[in-house]
Amino acid sequence: GDSLILTKPLGTGIITTAGKEGLADSGTLSRAIEVMSALNKAPSEVMMDVGINSCTDITGFGLLGHLRSMVEASGVTARIYWPQVPLIDGTWKLAQEGVAPGGTYRNLRSAEQITYWDSSISYEGKVILCDAQTSGGLLISAPRDKAPELLRVMAEREVGEATVVGEVVKRGTSEIEVFS
């Protein structure tokens, strides 16, 4: 199966909402702005050089919403490993305080229909995985044997913070599975 690689940490929807409500500290806000300002051009170039199977950008439908469109089209199951998912510092605390944009909760209701959640995944974790991102990263499905090269080239070119967050497996009973 393929490796699933995310090029930016999650949390921009939650943090920008917190910013509007005066609930985010300046360090958290600056970090979110830095993440949103990073362009997806360089990671796109790397992925075209190395060769991948598919890619989507993570925006309003959150990680799971955009992942859903990838797996529905190809008849496979995507498995996300929650501890591997990078978050912008401050996201977890804000999620615990119940801060998130309305779209994030709509995304969660939609994801619930097609997602198997390991019992250890908290409500906050589910919210973050469905957080509507502003200028989010790319989610890349790359052949497992090419994933290390993809990560190495991205690191060499100082492109974002690409991380393996999951894998593609044969279609199971759910389109998406989330494990800890």
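A short tour of the structure in this document, coming up. All of these numbers come straight from a predicted model, not from anything done at the bench.

## A short note on the packing of aromatic side chains
Step number 1: In total, this model carries 3 aromatic pairs according to the counting rule given.
Step number 2: When the centroid spacing of 5.7 Å and the interplanar angle of 50° are considered together, the rings of Tyr-116 and Phe-179 count as tilted. On the criterion of sequence distance, the pair formed by Tyr-116 in strand E4 (residues 115-117) and Phe-179 in strand E7 (residues 176-179) is long-range, its members being 63 residues apart.
Step number 3: By way of ring pairs, the aromatic residues Tyr-81, Tyr-116 and Phe-179 are connected into one cluster.

## Considerations on the pairing of strand E3 (residues 76-81)
Step number 1: Across 5 bridges, E3 lies against strand E6 (residues 163-170) in antiparallel orientation. The residue bridging Val-76 from the neighbouring strand is Lys-170, located in E6.

## Digging into helix H6 (residues 102-112)
Step number 1: Every buried residue belonging to H6 is among Gly-103, Thr-104, Asn-107, Leu-108 and Ala-111, and all of these are buried. Down the axis of H6, the sector holding all buried residues measures 145°, keeping them to one side. In H6, those exposed residues whose orientation departs by more than 90 degrees from the buried face are Arg-106 and Arg-109.
Step number 2: Looking at the buried side of H6, the elements it contacts are helix H4 (62-74), E4 and helix H7 (123-129).

## Topic: the nonpolar core
Step number 1: Leu-64, Leu-67, Ile-80, Leu-129, Leu-139 and Val-178 are the most contacted members of the largest nonpolar core, which has 40 residues in total.
Step number 2: Here this core takes 5 residues from H4, the largest share from any one element.
Step number 3: With residues up to four places along the chain from it excluded, the contact list for Val-178 reads Leu-64, Ile-80, Trp-82, Thr-115, Tyr-116, Trp-117, Asp-118, Ile-121 and Leu-129.
Step number 4: With 12 residues, the next largest nonpolar core counts Met-47, Val-50, Ile-140 and Ala-142 among its residues.

## What to know about the pattern of salt bridges
Step number 1: Here the structure, examined in full by the defined rule, presents 10 salt bridges.
Step number 2: Asp-49 is paired through a salt bridge with Arg-157; the nearest N and O atoms lie 3.1 Å apart. Within this pair, whereas Asp-49 is found in helix H3 (residues 41-50), its partner Arg-157 is found in the loop between helix H8 (147-156) and E6, the two being separated by 108 residues in sequence.
Step number 3: Among the residues examined, Asp-49 registers a relative accessible area of 53% and is labelled exposed.
Step number 4: In this structure Arg-157 comes out as partly exposed when scored by relative accessible area, which is 44%.

About the cut-offs
Residues numbered from 1 in each chain as written. Predicted model: local features only at pLDDT ≥ 70, side-chain atom pairs only at ≥ 80, totals over all residues. Heavy atoms only, no water. Phe/Tyr/Trp six-rings, centres within 6.5 Å; stacked < 30°, edge-to-face > 60°. Helix = DSSP H or I, 4+ residues; strand = E, 2+ residues; numbered from the N terminus. Pairing = 2+ DSSP bridges. Buried < 20%, exposed > 50% of the residue type's maximum accessible area, 1.4 Å probe, protein only. Arc of directions from axis to C-beta. Contact = heavy atoms within 4.5 Å. Core = buried A, V, L, I, M, F, W, Y, C linked by side-chain atoms within 4.5 Å. Salt bridge = Lys/Arg side-chain N within 4 Å of Asp/Glu carboxyl O.

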